[in-house]
Every structure is written in C-alpha cells, then in structure tokens.
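Fold and contact review
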Amino acid sequence: MSDRRTAGPLGGLAHVLVLLASAGALGATVDIASRHEPTGPLAVALGAMLVGCVGSLVLIPSRSRVLASQADELRRKGAILEATAYAAERLAAPDGLERGLDDALARLGAATGVSRVYLYRNGTDPEGRRTMSITHEWTAPGVPPTTDDPENQDYPYAVGFEHWERAMSAGRPVQVRRSEAEGIEALDMDSEGARSVLAVPIFVGDAWWGFIGFDDRERERVWDESELDALRAAAALVGAAIRTDASLRAIQEAARRFRTIVEPLPAAVYLDGLDESASTLYMSPTVTPILGYTPEEWIADPDLFPKILHPEDREAVLAANARHNETGEPFRMEYRMIAKDGRVVWVRDEAVVVRDEHGRPLYSQGFLLDVTATKLAE
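Everything numeric in this text was worked out from a predicted model, so none of it was measured.

1. A word on the nonpolar core
- Of all hydrophobic cores here, the largest spans 34 residues; its most connected members are Ile202, Ile212, Phe214 and Leu231.
- Take this core: its biggest share by element is nine residues, from helix α8 (residues 225-262).

Here you go:
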C-alpha cells in the first residue's frame, strides 16, 4: 500500500510540504478572502486554490462567521502540514531519530491541538501474541504522561484491541471516540482521560512497526481525510527514519567487528557506501603505508576514491563499481592509484555487497592489496 512507504528523500518531501502550506502563504490567502465581502471572483479563486492544498474544495461564502470558521480550519490544516514538513527536515538530520523525534512529536502535538502524541512499538510476548509498548511521548502543559504506566509496556493487542491490530496491520488508521468505545478500550480511555484517540500505523519497509497516536482530552474529535493524509505522511517519515537508523547501527556494529579482525592484516580493509564515488564508511589503518592517506582522510572526503584513481584507469574502475552497486555482483579488479606522495600504486581490489536480514543492500565490504611489486616484475 502506498501509505506504508516514503516516496523519496526526506528532505525532498519537506520541501514539497513547505511549498504546499507555508504559514505565510496560508495566512495571507485567508486574510485576503476575509477582507473582501461579498465574495468576489478573486476571493473564490484564492479560497478554492487554498482548500485544494489540504484536500477538499470549499466555496467560501460571504457571511463572516462561516468564513472565520473556515479560516480557522484551514489554518489548523496548514499547521499540520507545516508540522509534517518540520518532521521531515528534523528526522532527516544525522541525529534525527535520537533527538529530532521528540521535537517532531511536539510540533505535531501543537499543530493538531491534541493532549498527547506518542509512539508505540510492536513486539511479541512469550505466547506469540503481538504486543505494543510506548517508546516516546509528548504531552501538552498540565497533561500527565503515560510512559511510566506498566500497562503501556508489552500489552497484547489480543486483549481488547483486536480491531486495532486488524486495521493497522492492513495500513488503516484507527479512530475511537469515547461514546463509541466499549470494554477494555473504554476503560483505557477513561484511565488516561481521553475523549478521542487516533492511531496511525508506522511501517518500516513492508513490516508494520507500530503506530503514532494522538489523544484529545477535550472533545470527541473526528479527523477528516486531509488531516489523516498529512499524519500518514508523518508516520511514513518516522518509519523511514527508523529504517535509516537501523541501517546505520548495523553498519556501525559491522565496522566495530571489522576493526577487531582486520586491522592486523596486511591489506587495507574497507566498508564503502553504495554510491557512484564509493564513499568510505570505514577504512583500516593499513591503507596509510599503501597510499599515504589516513583512514580519517578517506572518511572525511567522500570523493577521495575517484580523485586518486589513475587517469587511464578511472573510467573503467568507476564503471565496474557502478555495476557492483547496481547488480550486487562481486567486484574484482587490479588498477592503478596515485598515492599522496605522487607514487603510482597498483592495487588488487575485491569487494562484495553486504545485505540485511531482509535482503536489502547495506554497503560494500572489501580490501585493497598493494601488488605494485608483482606488476613491476611482470
């Protein structure tokens, strides 16, 4: 389903959302419409264009009270889109999941006007039932947090929340109002003072990871499709950040294990990103006596590898590297590089693509061996 995935880079999505609903543009359009009564062609056109950005077309009438109500609704929807854009920018940062997530939840909470925003992560209990556990929470001033409640850790969906599991595992959000809740669900809402609850599923890749929830303690709220679309986008951003963080942690752990094994070896062992310049994620210290550059220099300059390829070999090496990245086939090649002191060094380069448990490519792992003496002897 399309709402389970991000459509592209997080930064790009942020840019699109800002273009759709920047605060200045939203406020200016509403103000223009509100100052021209009765409604003229310009006001109707501006109103139609503005409302289209948030998912529905509304003809703004001339009565001030109705116009003001619609203006408030549009401002709120625009604020939600802006908060989603902010989340995209914040979660795209290097520390996005570690530090940016709390900021993103706070911005979404303020924009939606709810009492709480929180994340729950799925797990499995000893009986094999899917469970939910709270991991992050934002609360409005004066609203008590729920993270310390033991009932919010490892709670099985099968005990009163079966329809949540059915809906969200299929990619559908859940809306619950207190007047419609029954049994354990009603007791849970009463214990936390919630009048309405919205839960939007978070997917990491194709796997249902958990959900982002919104509690309103003031009213039994009904979320419309334009609001849900923006919050689905926010959930997708969180899922993308979780996936990126997991990949980075896997790379860091692999690098740690690598260091303990490969640093004593005579070959320079490396981990490279799967990009056209083979940017270095890790390089063993053995590379310094071979080419003169330290591991820190390799990591600091993502274009160092193509820069120091011998001009006569550069095109062929980069083409072979591109095939390696695209197809996953092993890389094996002997070619020349220019050392820091200007020496021409022949190296044997062999690498394989390392994948995660789902078969997705993570990075390229290989070694460089100085074969200059052998080449000169030939």
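After that view, the rundown keeps rolling.
2. As for the pairing of strand β5 (residues 196-204)
- Burial within β5 is extensive, with nine of its nine residues counted as buried.
- Burial along β5 is two-sided: the face carrying Ser196, Leu198, Val200, Ile202 and Val204 and the face carrying Val197, Ala199, Pro201 and Phe203 are both buried.
- The sheet contact formed by strand β4 (residues 174-177) and β5 spans four bridges and is antiparallel. Among the inter-strand pairings, glutamine 175 is bridged to a residue of β5, identified as leucine 198.
- Alignment of β5 against strand β6 (residues 207-216), held across nine bridges, turns out to be antiparallel. Its bridge partner lying in β6, proline 201 is registered against phenylalanine 211.
- Taking the residues that link successive antiparallel strands as the turn, the β5-β6 hairpin has two residues, and the phi of glycine 205 there is positive, at about 70°.

3. What to know about helix α7 (residues 183-191)
- What α7 keeps buried is the set Glu185, Ala186 and Met189. Down the axis of α7, the smallest arc covering the buried residues is 95°, so these residues share one side. The exposed residues of α7 that point more than 90 degrees off its buried face are Leu187 and Ser191.
- If you follow the buried residues of α7, they end up packed against α6 (162-169), β4 and β5.

4. Description of the pattern of salt bridges
- Evaluated as defined, the whole model comprises 23 salt bridges.
- Among the ionic pairs, arginine 116 bridges to glutamate 137, the shortest N-O distance being 3.7 Å. Taken together, the residues span a long stretch of sequence, with arginine 116 in strand β1 (residues 116-124) and glutamate 137 in strand β2 (residues 130-139) at a distance of 21 residues.
- According to the relative accessible area criterion, arginine 116 is buried, its value standing at 2%.
- Take glutamate 137: its relative accessible area is 17%, and that puts it in the buried class.
- Ionic pairing is found between arginine 348 and glutamate 334, a salt bridge with its closest N-O pair at 3.1 Å. Residue arginine 348 is found in strand β10 (residues 344-355), and its partner glutamate 334 is found in strand β9 (residues 331-338); the two are separated by 14 residues along the sequence.
- Residues participating in the shared-partner salt-bridge network are Asp216, Arg219, Arg221 and Glu227.

5. Considering the packing of aromatic side chains
- Inspection of the entire model under this criterion finds eight aromatic pairs.
- Ring geometry for tryptophan 164 and phenylalanine 211: centres 5.8 Å apart, planes at 70°, overall edge-to-face. Separated by 47 residues along the polypeptide, tryptophan 164 in helix α6 and phenylalanine 211 in strand β6 bring together distant segments of the chain.
- For tryptophan 164, a relative accessible area of 6% gives the class buried.
- Residue classification places phenylalanine 211 among the buried residues on the basis of a relative accessible area of 1%.
- Arranged with centres 5.9 Å apart and planes meeting at 55°, the rings of phenylalanine 214 and tryptophan 223 form a pair that is tilted.
- By the ring-pair criterion, three or more aromatic residues cluster together here, those being Tyr118, Tyr120, Tyr155, Phe161, Trp164 and Phe211.

6. Some words on empty space enclosed by the protein
- Under the criterion given, the structure shown has four cavities of 30 Å³ or more.
- Approximately 130 Å³ is the volume attributed to the largest cavity.
- In terms of lining, the largest cavity is formed by 15 residues, of which the most central are Tyr270, Asp272, Ala278, Phe305 and Asp349.
- Looking at side-chain class alone, the lining of the largest cavity contains nine nonpolar, four polar and two charged residues.

7. A short note on the side chain of arginine 336
- Within the secondary structure, arginine 336 sits in strand β9.
- For arginine 336, the residues in contact, after removing those within four places along its chain, are Leu309, His310, Glu312, Asp313, Val344, Val345 and Trp346.

8. As for the layout of surface pockets
- There is about 590 Å³ of room inside the largest pocket.
- Taken together, 23 residues line the largest pocket, and the ones lying closest to its centre are Arg121, Val204, Trp209, Ile242 and Ala246.
- Considering each element in turn, the lining of the largest pocket owes the most residues, six residues, to α8.
- Counted by class, the lining of the largest pocket contains 11 nonpolar, five polar and seven charged residues.

9. Some points on the confidence of the model for the protein
- Model confidence for the protein is summarised by a mean pLDDT of 81, while 78% of its residues fall at 70 or above.
- Taken as a whole, residues 1-60 scores under 50 in pLDDT and shows 82 contacts with residues more than four places along the chain or in a different chain.

Cut-offs and rules
- Every chain is numbered independently, its residues counted from 1 as its sequence is written.
- It should be noted that, the model being predicted, local features are given only for residues of pLDDT at least 70 and side-chain atom pairs only at 80 or more, the latter also being counted only at that level, while totals for whole chains, interfaces and linings use all residues.
- Side-chain measures were taken over the full set of non-hydrogen atoms in the model, leaving aside hydrogen atoms and water.
- Residues belong to one nonpolar core when they are buried, are Ala, Val, Leu, Ile, Met, Phe, Trp, Tyr or Cys, and are joined through side-chain atoms within 4.5 Å.
- Relative accessible area decides the class of each residue, using a 1.4 Å probe on protein chains only: under 20% of the type maximum gives buried, over 50% gives exposed, and in between gives partly exposed.
- What counts as a helix is a DSSP run of H or I of at least four residues, what counts as a strand is a run of E of at least two, and both are numbered from the N terminus.
- In short, DSSP must find at least two bridges between two strands for them to pair.
- For this quantity, the arc is that covered by the directions from the helix axis to the C-beta atoms.
- Here a residue-residue contact requires only that any non-hydrogen atoms of the pair lie within 4.5 Å.
- For this analysis, a salt bridge means a side-chain nitrogen from Lys or Arg found within 4 Å of a carboxyl oxygen belonging to Asp or Glu.
- Classification of ring pairs uses Phe, Tyr and Trp, with its six-membered ring standing for Trp, and accepts pairs whose centres are within 6.5 Å; under 30 degrees between planes counts as stacked, over 60 as edge-to-face, and the remaining range as tilted.
- As defined here, a cavity is a set of points on a 1 Å grid over the protein atoms alone where a 1.4 Å probe fits but cannot get out. A pocket is an open set with protein on both sides within 12 Å along at least five of seven lines, and residues line them when an atom is within 4 Å of a point.
- Grid points are joined across faces, edges and corners, and a volume is the space filled by probe spheres set on the points.
- Gly falls in the polar group here, along with every residue not listed as nonpolar (Ala, Val, Leu, Ile, Met, Phe, Trp, Tyr, Cys, Pro) or charged (Asp, Glu, Lys, Arg).
- Confidence per residue, as judged by the predictor, is encoded in pLDDT with a range of 0 to 100.

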